[in-house]
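# Reading the structure
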Amino acid sequence: DTTLRAIVNLVRNTLDLQRCSVMLLDRVKGVLTLAAAAGIPETFWPEIIMKVGEGISGRVVFERKPVFVEDITSSQFAHAAHHERYTTKSFISVPILARGEVVGVFNANSRAENEALQREHLDLLVAIASFIGLAIENANTRLAAETAEQRFNATLEALLSAAMIIDRNIEIVAINSEARRWLSIPFGVDVAGRSLLDVWP
């Protein structure tokens, strides 16, 4: 969340956009929800939901390719411009990919009084969307690793016997509560990385 907020704020300020946002895909519900935005009050975020295939962002997810509109008033997306809330002149919407799958959309909308966004802006946003996809991929990998470690530790703790995992250097990788009691190692004392011979001469 921190990374996404920093990116949308940086891009909005650098390009002097009216708004910039990242929507992430909920595959179970088949919708995009707003994860971070600059130029959109946070109180509106929960209300901004887009079905895959509908609207601009939903179309980007469905077709897996960017949409670049230089003048929204004369485009096929004029009806989706939300003129009651915004005065956008041009916009870019780019798919965010992680491991080859669309996980969200990166959106940028220019101010009506500014010059329209150009092809160079599209190239920039495509590059930033790639970075966002990599950040999401890394976060998911870290979360999966943490979940696997939690399951492993829970399994180790569930054993009724004392158990310890050691590596090829005879250093402790993990230890359960029964092994701590058996070896009189106080709880809270970290023994990971220590030689087995130090704690069990």
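For the structure itself, consult the block above.
Note that the structure is a prediction, hence the values are computed from the model and not measured. (Residues numbered from 1 in each chain as written. Predicted model: local features only at pLDDT ≥ 70, side-chain atom pairs only at ≥ 80, totals over all residues. Heavy atoms only, no water.)

## Section: the pattern of salt bridges
On inspection of all chains with the given rule, the structure shows six salt bridges. With its nearest N and O atoms 3.0 Å apart, the salt bridge here joins Glu-42 to Arg-5. Pair noted here: Glu-42 is in the loop between strand S2 (31-38) and strand S3 (49-51) and Arg-5 is in helix H1 (residues 2-15), with a separation of 37 residues, a long-range link. The exposure class assigned to Arg-5 is partly exposed, which follows from its relative accessible area of 33%. Note that Arg-119 and Asp-123 form a salt bridge whose closest N and O atoms lie 3.7 Å from each other. Of this pair, Arg-119 and Asp-123 are both found in helix H3 (residues 119-158), four residues apart, which corresponds to roughly one turn of the helix. Note on Arg-119: relative accessible area 54%, which makes it exposed. (Salt bridge = Lys/Arg side-chain N within 4 Å of Asp/Glu carboxyl O. Helix = DSSP H or I, 4+ residues; strand = E, 2+ residues; numbered from the N terminus. Buried < 20%, exposed > 50% of the residue type's maximum accessible area, 1.4 Å probe, protein only.)

## Overview of unusual backbone geometry
In this structure, Asp-16 takes a positive phi of about 55° despite not being glycine. Its location among the elements puts Asp-16 in the loop between H1 and strand S1 (17-26). In this structure Asp-16 comes out as partly exposed when scored by relative accessible area, which is 37%.

## As for helix H2 (residues 55-63)
When H2 is considered as a whole, its buried residues turn out to be Ile-56, Ser-57, Gly-58, Val-60 and Val-61. Arg-64 sits one or two residues past H2 and shows a positive phi near 60°.

## Thoughts on a nonpolar patch on the surface
On the surface, Phe-152, Ile-165 and Val-173 cluster together to form a nonpolar patch covering roughly 230 Å² of accessible area. Among the secondary structure elements, Ile-165 is positioned in strand S7 (residues 164-166). (Patch = residues over 30% accessible without salt bridge, like charges linked within 9 Å, V, L, I, M, F, W, Y side chains within 5 Å. Areas by Shrake-Rupley, 256 points an atom, 1.4 Å probe, with all protein chains shown as cover.)

## Section: the pairing of S2
Most of S2 sits inside the fold, with seven of its eight residues counted as buried. As judged from the seven bridges shared by S1 and S2, these two strands associate in the antiparallel manner. Residue Leu-25 lies in a different strand from S2, and its bridge partner there is Leu-32. Connecting S1 to the next strand, S2, in antiparallel fashion are four residues, including Gly-30 with a positive phi near 70°. When S2 meets S3, the two strands line up antiparallel, connected through three bridges. Within S3, the residue paired with Val-31 across the bridge is Lys-51. (Pairing = 2+ DSSP bridges.)

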